[in-house]
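Letter by letter, the chains look like this.
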Amino acid sequence: MSSDNSTHDMIVTRTFDAPVERVWQAWSDPEQVKRWWGPQGFSSPLCRMDFRQGGTTLVSMRSDEGWEVFNTWTYRSIQPMEKIEFVARFADADGNQVSPADLGLPPTIPDEVPHEVTFSRIDDATTEMTVHEFGYPDAQTAAVSRAGMEQVLDKMAELVASS
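Thresholds applied
Residues numbered from 1 in each chain as written. Predicted model: local features only at pLDDT ≥ 70, side-chain atom pairs only at ≥ 80, totals over all residues. Heavy atoms only, no water. Axes fitted to C-alpha atoms, helices over the stretch in contact; angles between N-to-C directions. Helix = DSSP H or I, 4+ residues; strand = E, 2+ residues; numbered from the N terminus. Parallel < 35°, antiparallel > 145°, perpendicular 65-115°, else oblique. Left-handed = near helix turned anticlockwise from the far one by under 90°. Contact = heavy atoms within 4.5 Å. Salt bridge = Lys/Arg side-chain N within 4 Å of Asp/Glu carboxyl O. Expected span 1.5 Å × (residues − 1). Buried < 20%, exposed > 50% of the residue type's maximum accessible area, 1.4 Å probe, protein only.

### A closer look at the packing of helix α1 (residues 20-28) against helix α3 (residues 139-161)
Then, in step 1: Two numbers describe how α1 lies on α3: the axes approach to 10 Å, and their chain directions differ by 120 degrees. Between α1 and α3, the angle is such that the two are oblique. Judged by the twist between their axes, the crossing of α1 over α3 is right-handed. Judged by residue contacts, Arg22, Val23, Ala26 and Trp27 of α1 engage Met156, Leu159 and Val160 from α3.

This is the structure in structure tokens:
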């Protein structure tokens, strides 16, 4: 995947105190995804996963106040223990795409955001993972996404370290 000069990407790299197989499982097991998806103050009550190239996962995050938002992840490529490429979109509860603006989200959020998640084995007990989101229209929108992703990865770090 690539981006052009008129867009801004979001890249976060995190080192986990867990083997690559454990970090991979956090992305590939729906019960695991439900334990880390969403920023602080959000739970993930739903994860219907079709984890294969061409498959789509429907995942939700719900705020403590009960506001729930749904996303789909449509997988372009899956290379076990190495890389996941997918396109994230906002959706309704049935998985039908909706525009972020229709959900009351800022109009600068794109209708779809390509993602590339890479996994690198540092040693048998340590994994480096990078999340790369492509194509935000401005640096501020990319920064908001980064702040949310940092919180998500904090939750993931707790999950994989506790297993």
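### Section: the pattern of salt bridges
Then, in step 1: Applying the stated rule across the entire model yields nine salt bridges.
Then, in step 2: Each of Arg14, Arg146, Glu150 and Asp154 takes part in one network of salt bridges that share partners.

### Concerning α3
Then, in step 1: Helix length check: α3, at 23 residues, gives a terminal C-alpha distance of 32 Å against a target of 33 Å (1.5 Å per residue), a fit within 8%.
Then, in step 2: Looking at α3, one finds that the buried residues are Thr141, Ala142, Ser145, Met149, Val152, Leu153, Lys155, Met156, Leu159 and Val160.
Then, in step 3: On its buried face, α3 sits against β1 (8-16), α1, α2 (30-36), β2 (42-43) and β8 (126-136).

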